[in-house]
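Inside the fold
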Amino acid sequence: MLGHRSSSSASGLMMPFSESSPNLDIDLSWPPKTWASSSNLTIHMTEKRPQRTVSLRVFICSLTCFSVVALALGLGLGLGCSSCRRPFTTTTASSTTPPPLDSGSKAYSGVPNDLDFVPIDELINTRELELDTGFVLEDGERIREYTFDIALALAAPDGFAKPMMLVNGQSPGPLIEARVGDTVRVTVNNRVANASTAIHWHGIDQRYTNWMDGVAGVTQCGIPPGGSFTYEFRVEDQRGTFWWHAHLSVQYSDGAYGAIIVRDPEEMVPKADDDKLVFVSDVYHTYGSVLRNSYLNTTSQWVPFESGVEPLADNILLNGQNTYDCSVTSTTYPPSSDQPFTPNCTGGQLYHTKVRQGKSVRLRFINASSLFSYWFSVDNHTLSIVELDGIEIEPIDARGVYLNLGQRVSVILTADQTPGSYYMRASLPKTCFLPYAPYNSSGLEAAGFGAKGILSYTGDDENEDGKDEGDSSADIGTLPEPIGVAGNVSNPYGVEDNGLRGDVWEGCNDMPFDMPVPMRRKPAVNVSEANTHYIEYAFRQAQDVNRIFINKSCSSRTRTKAHKSSSTPGTQWNTHGTCSHTFQIVAWGQGAFGTAETRTTWNLANPLRRDTVTVPPYNHVVIRFATDNPGLWALHCHVAWHVEGGMFVTVAERPADLVELMDKMDPDMKRRSQSFCGVGAG
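A brief report on the enclosed structure follows. (Residues numbered from 1 in each chain as written. Predicted model: local features only at pLDDT ≥ 70, side-chain atom pairs only at ≥ 80, totals over all residues. Heavy atoms only, no water.)

A separate point is the overall build of the protein. Looking only at helices and strands, the protein features eleven helices and 34 strands. Nonlocal contacts in the protein, meaning residues at least 24 apart in sequence, comprise 81% of its contacts between residues at least 6 apart. Surface accessibility of the protein: about 23800 Å² in total, with carbon and sulfur atoms responsible for 49%. (Helix = DSSP H or I, 4+ residues; strand = E, 2+ residues; numbered from the N terminus. Contact = heavy atoms within 4.5 Å. Areas by Shrake-Rupley, 256 points an atom, 1.4 Å probe, with all protein chains shown as cover.)

What follows is the structure, given as structure tokens:
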């Protein structure tokens, strides 16, 4: 998760050659139709226990090897050069004239010196976070239209003013709600004067609309300053909790993210009396591009003696808000003389929500952080886990739930305790990152390495519709002191894999992969030996740096679809677009896959499906998915700093079918969208 890297750890994949995938008899008429999946892909991720430990600085040095393999992948599939890649960077361009740009001097890595300040009551859209939108599940499919205006502004989510990238002046950004089968159309206007942007729809299938996936540099070129894109995609056979976020540089670290809720009257989740969103995120008091530039330098502002150390956040937010001790000076990036704004601090406010006594509420957790995972709990309350990454599961009762980056979890909470107020807690698994960081965050330490919110009971005579009318710091100030006691505030999963936990009972893993049982049963996809390919990744010392070796070589001619590996505790994986954005976790175990010493546990009857998975340290995970959705898809670690450092690979899925799909695109749409890449302009 942080700066620990092994000098001899290994990781392996089993991948099919694209030529080996069975023909699916795909109908590529426009608009495309859904076809049945019959092509399968298996991946095995394995890691060996290290002989010794080295610093994270070796990770940056090893990126050259990643680049060589990524280039070999692209050239092998005929997609490596820019002229070949351009046909796949298409996104619908909007003819709508965007709002005027931000103006002002361009200091502090592009932050104007005359930014408007957005107060907290405008920054936080309580009505949307409470899902009090009046959304009606109507019969028939509809087009759901939204407009996103992206601009820089000053805001103080935890009371400390900083530049933020806001969407419609808020963070978390606008809520998207749709019914399964609906078409979502979002026009994005880039009002940032000197930065491109792109919006990714995390977990949405993008069936036959690869160019709408919103990953800058893979499925499109960034929306330039003053430009607009209109994203349009259909939500097919999906329901539950998803999210969107900026997918260029570290822009979502500065607040450009929001929720997507897909409603389905046939969703296999216990009915609750109420429904709420709960974002958990980290916040940096310095603008993201400033941190990024320092992180990618030979040394950073926060660790001047070592390269490649990720910046530690200054605070944790619940639904975009928290309090902060204004006497604390950041040890990550203290206020500097070149910043074109005054770092005012007012202390902030806690997130507060209400539930009705005796009723149940569905809490939809989304981890929108740049670096951290969390253990979420509510004092005195049991949480019934019912959804993971848009997959309904048989309810699991627990005192808390683990959320890694990009993951979503729905739980049902019943307000069956003594009426009063209770703390909601998002706790950092400290032993999963502090031992690997050569410095500490003063802000996080002052906050107790976590965030608190307040859940209050209401009586029958309050707010008859069961929804809160809106919360404020004044409301919280009048509340009685929260009652109850903290339950299990640390992650119990994977304690055996956490070698540095000391006396703390704390793990760094997802819950055991065979614990969640999907409600919509699907057996593991079948895979033949001809449709697999094994790749080993290893961190090994090479002269003064620790390089990533692939099949015992620092370069590779292997033509594969994807690769990704890491051996750090709590390393988290994310894939976009493959197998309807979900894969099956069919096997797992400690050590390298396939060795005499390794014991692998298999689950082929109804394996867990997710689109984001935590690979335990020095373990292997076997995943399978069908290659039935042509496109160029991103496979990457969801730690924002690791993505910027190069832990990112493009999966070319059925490239010949993708070319045929692209040939059927509207020529004007293709030309307009390619103009953002400097192609076909004029």
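What follows continues from the structure just given.
So, on to the pairing of strand β11 (residues 228–234). Burial analysis of β11 places five of its seven residues in the buried class, the great majority of the element. As paired elements, strand β9 (residues 183–190) and β11 share seven bridges and run antiparallel to each other. Residue Thr183 lies in a different strand from β11, and its bridge partner there is Arg234. (Buried < 20%, exposed > 50% of the residue type's maximum accessible area, 1.4 Å probe, protein only. Pairing = 2+ DSSP bridges.)

Moving on, we come to the packing of aromatic side chains. One pass over the full model with this rule turns up 18 aromatic pairs. When the centroid spacing of 4.7 Å and the interplanar angle of 40° are considered together, the rings of Phe148 and Trp244 count as tilted. Of the two residues, Phe148 is situated in strand β6 (residues 143–155) and Trp244 in strand β12 (residues 240–246); the sequence distance between them amounts to 96 residues. Their ring planes at 80° and their centres at 6.0 Å tell us that Phe160 and Tyr324 sit as a pair that is edge-to-face. Here Tyr324 lies in the loop between β15 (315–318) and β16 (351–356) and Phe160 lies in the loop between β6 and β7 (162–167), a separation of 164 residues in the sequence. Under the relative-accessibility criterion, Tyr324 is labelled buried at 8%. By way of ring pairs, the aromatic residues Phe148, Trp201, Phe229, Tyr231, Phe233, Trp244 and Phe676 are connected into one cluster. Between the NZ or CZ atom of Lys452 and the centre of the ring of Tyr423, over which it lies, the distance is 4.5 Å. (Phe/Tyr/Trp six-rings, centres within 6.5 Å; stacked < 30°, edge-to-face > 60°. Lys NZ or Arg CZ within 6 Å of the ring centre and 35° of its normal.)

Below, the discussion takes up the state of the cysteines. On inspection of all chains with the given rule, the structure shows three disulfides. With its sulfur 2.0 Å from that of its partner, Cys326 forms a disulfide with Cys345. Of note, the bridge from Cys326 to Cys345 carries an S-S torsion of about -75° and is left-handed in sense. Here the residue Cys326 occupies a position in the loop between β15 and β16, and Cys345 occupies one in the loop between β15 and β16, the gap between them amounting to 19 residues. Judged by its relative accessible area of 26%, Cys345 falls in the partly exposed class. (Disulfide = S-S within 2.5 Å.)

Under the criterion given, the structure shown has 24 salt bridges. Notably, a salt bridge pairs Glu141 with Arg234, separated by 2.6 Å at the nearest N-O pair. Of the two residues, Glu141 is situated in the loop between α5 (126–129) and β6 and Arg234 in strand β11; the sequence distance between them amounts to 93 residues. Ionic pairing is found between Lys162 and Asp254, a salt bridge with its closest N-O pair at 2.9 Å. With a gap of 92 residues between them, Lys162 in strand β7 and Asp254 in the loop between β12 and β13 (257–263) connect regions that are remote in the sequence. Residue classification places Lys162 among the buried positions, given a relative accessible area of 1%. For Asp254, a relative accessible area of 4% puts it in the buried group. Several salt bridges converge on common partners, so that one network encompasses Glu177, Arg263, Asp275 and Arg364. (Salt bridge = Lys/Arg side-chain N within 4 Å of Asp/Glu carboxyl O.)

Now for the sheet that holds strand β20 (residues 391–398). Pairing is mixed in the open sheet, where six strands are placed in the order β15-β14-β17-β22-β19-β20. Of all the strands in the sheet, the pair left with one neighbour each is β15 and β20. Looking at each pair of strands side by side, their axes are set apart by 25° on average, direction ignored. Of the strand pairs in this sheet, strand β14 (residues 274–283) and strand β17 (residues 360–367) are connected by seven bridges, and their pairing is parallel. The residue of β17 that forms the bridge with Val280 is Asn367. (Axes fitted to C-alpha atoms, helices over the stretch in contact; angles between N-to-C directions.)

Strands sit in the order β8-β13-β12-β10 across an open sheet of four strands; the sheet is mixed. The outermost strands of the open sheet, each flanked by one partner alone, are β8 (176–179) and β10 (199–202). Ignoring which end each strand starts from, the neighbouring axes of this sheet average 20° apart. Where β10 meets β12, four bridges bridge the pair, whose relative direction is antiparallel. The partner of His200 across the bridge, within β12, is His245.

Moving on, we come to unusual backbone geometry. Cis geometry marks the peptide bond from Ser171 to Pro172, where omega comes out at 0°. Within the secondary structure layout, Pro172 lies in the loop between β7 and β8. Phi at Leu131 takes a positive value of approximately 55°, unusual for a residue other than glycine. Looking at the secondary structure, you find Leu131 in the loop between α5 and β6.

A few words on the nonpolar core. Trp201, Tyr231, Phe372, Phe376, Ile385 and Ile585 are the most contacted members of the largest nonpolar core, which has 132 residues in total. If one sorts the elements of this core by residue count, β6 sits on top with six residues. (Core = buried A, V, L, I, M, F, W, Y, C linked by side-chain atoms within 4.5 Å.)

By the burial criterion, the buried members of helix α11 (residues 667–674) are Met669, Lys670, Ser673 and Gln674. Taken end-on, α11 shows its buried residues confined to a sector of 120°, consistent with a single buried face. Structurally, α11 contributes buried residues whose contacts are with α10 (655–663). (Arc of directions from axis to C-beta.)

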